[in-house]
Amino acid sequence: MSKTKSNILLIYTGGTIGMVKEFKTGVLKAFDFKTLLEKIPELQLLDCNIDTISFKNPIDSSNMNLQYWVQMVEIIEVNYNDFDGFVILHGSDTMSYTASALSFMLENLAKPVVFTGSQLPIGDLRTDAKENLITAVQVASMQIKGKPAVKEVCLYFEYKLYRANRTTKINAENFQAFASLNYPDLAESGVYLKINNEHLLKPNTRKKLVINKKLDDNIALIKLFPGINKAVFESVFNIPNLKALIIETYGSGNCTTEKWFIDMLQEKISDGIYIINITQCSGGSVVMGNYETSSKLKKIGVISGKDITTEAAIAKLMYLLGLNISGKVFKTMYEASLRGEIT
Ligand code: ASP
């Protein structure tokens, strides 16, 4: 492999981006990634070498799970020293969950891991796949003084590069499928590819990459709505081995002050179950204590997710539970920014 050009590993996990429509039948079929350079000759114009690796059985990302996340980090682990950047092709449906999870699993990451996908298959006439793929590779191969320009897990879609753990899929049909409402874009692609350096993560590159593969899925998520039945909470708290519950509350972290609700949470917290408060608003932050309807939560020891997305809240919870740390450290770490996921 060349020493002067960036070496990029393209990892195909599945999703629409890797599909081609059979001309005669119109049926969507998985694309053979070994022929990628033939199918998208534009990639050869980029100043980098591209190697590809594909999941043996590419999946629709709705079937994503923790084993696949481990599979992805293992591919990066094995190839970390040989490549300057990684591009992961992934279905858009759960891309923000996977990309958030990888941001926690890859500790001290000093190279770019760029997720991308598309709304239309790569073989479609009006596809958004080509631009997404080409620019994602370009971002992954950018260097400053021989070092990768981007050193974090990010997501490129429709002319914008985002911090991955700040994103949410917001639209099922627009080409602009993702948004990052609580953090500015890392880059914008127009006539020039404009990197917003001040918003990039600046990790300590002297630290060695640590791969965290132990995630704990003994968690649950409830979205509050007016009139939510007590039995819903009772049944969730009856789940064997439940270790933590994320509650999507209203506005800046507000919830009902009904006695049964607060008492139940207090009892569970004293049993050692973590309760995390995140907002069901797409933008903005939980600020417990701002209103009477959230100050009780603060008093009983509910953890604030601040302005974290639901996707990152889940990934961070699985990751921190996997570390087996004390309750006090857990709360401190959850409320701190570990990978730029909260402000
Ligand atoms: N259902 C597809 C997936 O997430 C949609 C896409 O690829 O964007 O795998």
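Placed above this text is the structure.
Report follows, based on the coordinates. (Residues numbered from 1 in each chain as written. Predicted model: local features only at pLDDT ≥ 70, side-chain atom pairs only at ≥ 80, totals over all residues. Heavy atoms only, no water.)

What follows concerns the site of the ligand. Within the structure, the ligand sits among Gly 15, Thr 16, Asp 60, Ser 61, Gly 91, Ser 92, Asp 93 and Ser 118. Note that an oxygen atom of the ligand is positioned 2.5 Å from one of the side-chain N or O atoms of Ser 61. Between the ligand and the protein, one listed contact pairs a nitrogen atom with a side-chain N or O atom of Asp 93 at 2.8 Å. Here the ligand has 270 Å² of accessible area as a free molecule, and 88% of this is covered by the chains. Looking at the shell around the ligand, its residues break down into no nonpolar, six polar and two charged. (Near = heavy atom within 4 Å. Polar contact = N/O pair within 3.5 Å; in protein donor to acceptor, adjacent residues only side chain to side chain. Areas by Shrake-Rupley, 256 points an atom, 1.4 Å probe, with all protein chains shown as cover. Nonpolar A, V, L, I, M, F, W, Y, C, P; charged D, E, K, R; others polar.)

All right, on to the packing of helix 3 (residues 95-105) against helix 8 (residues 310-322) then. Where helix 3 meets helix 8, the axes come as close as 8 Å, and the angle between the chain directions of the two elements is 40°. Judged by the angle between their axes, helix 3 and helix 8 are oblique. Once helix 3 is placed against helix 8, the crossing between them reads as right-handed. Facing Ser 96, Tyr 97, Ser 100, Ala 101 and Phe 104 of helix 3, the residues of helix 8 in contact are Glu 311, Ala 312, Ile 314, Ala 315, Lys 316 and Tyr 319. Residue composition of the contact of helix 3 with helix 8, by class: seven nonpolar, two polar and two charged. (Axes fitted to C-alpha atoms, helices over the stretch in contact; angles between N-to-C directions. Helix = DSSP H or I, 4+ residues; strand = E, 2+ residues; numbered from the N terminus. Parallel < 35°, antiparallel > 145°, perpendicular 65-115°, else oblique. Left-handed = near helix turned anticlockwise from the far one by under 90°. Contact = heavy atoms within 4.5 Å.)

Below, the discussion takes up the pairing of strand 1 (residues 6-14). Summarising burial for strand 1: nine of the nine residues are buried, a large majority. Sheet topology places strand 1 next to strand 4 (residues 48-59); eight bridges connect them, and they run parallel. The residue of strand 4 that forms the bridge with Ile 8 is Ile 50. The pairing of strand 1 with strand 5 (residues 85-89) spans five bridges and is parallel. Along strand 5, the bridge assignment pairs Ile 8 with Gly 85. (Buried < 20%, exposed > 50% of the residue type's maximum accessible area, 1.4 Å probe, protein only. Pairing = 2+ DSSP bridges.)

The subject of this paragraph is the packing of aromatic side chains. Considering all chains together, one arrives at ten aromatic pairs under this definition. Note on Tyr 80 and Phe 86: the rings are 6.4 Å apart at their centroids and 5° apart in plane angle, and the pair reads as stacked. Classification of Tyr 80 by relative accessible area gives buried; the value is 10%. An aromatic cluster is defined as three or more aromatic residues linked by ring pairs; in this entry it consists of Tyr 80, Phe 83 and Phe 86. Taking NZ or CZ as reference, Lys 111 lies 4.8 Å from the ring centre of Tyr 80, over its face. The ring of Tyr 334 carries the charged tip of Lys 316 above its face, separated from the ring centre by 5.0 Å. (Phe/Tyr/Trp six-rings, centres within 6.5 Å; stacked < 30°, edge-to-face > 60°. Lys NZ or Arg CZ within 6 Å of the ring centre and 35° of its normal.)

In this section: the nonpolar core. Ranked by internal contacts, the top residues of the largest apolar core, which has 57 residues, are Trp 69, Leu 102, Leu 106 and Phe 115. Residues Phe 31, Phe 33, Leu 36 and Ala 136 belong to the second largest nonpolar core, which totals 32 residues. (Core = buried A, V, L, I, M, F, W, Y, C linked by side-chain atoms within 4.5 Å.)

Turning our eyes to something else, we now look at the sheet that holds strand 5. Strands belonging to one sheet form pairs held by backbone hydrogen bonds; the direction of such a pair is parallel or antiparallel. Taken in spatial order, the eight strands of this open sheet run 4-1-5-7-10-11-14-15, and their pairing is mixed. Both edges of this open sheet fall to strand 4 and strand 15 (193-195), since each of them pairs with a single strand only. Shown here is a sheet whose adjacent strand axes are inclined to one another by a mean of 20°, direction ignored.

Once that is clear, we can look at the sheet that holds strand 19 (residues 274-279). Across the sheet, four strands lie side by side as 17-18-19-20; this open sheet has parallel pairing. Edge positions in the sheet fall to strand 17 (219-223) and strand 20 (303-304), since each of these pairs with one other strand and no more. As defined by bridge partners, strand 19 adjoins strand 20 across two bridges and the pair is classed as parallel. From the neighbouring strand, Ile 276 faces strand 20, where its bridge partner is Ile 303.

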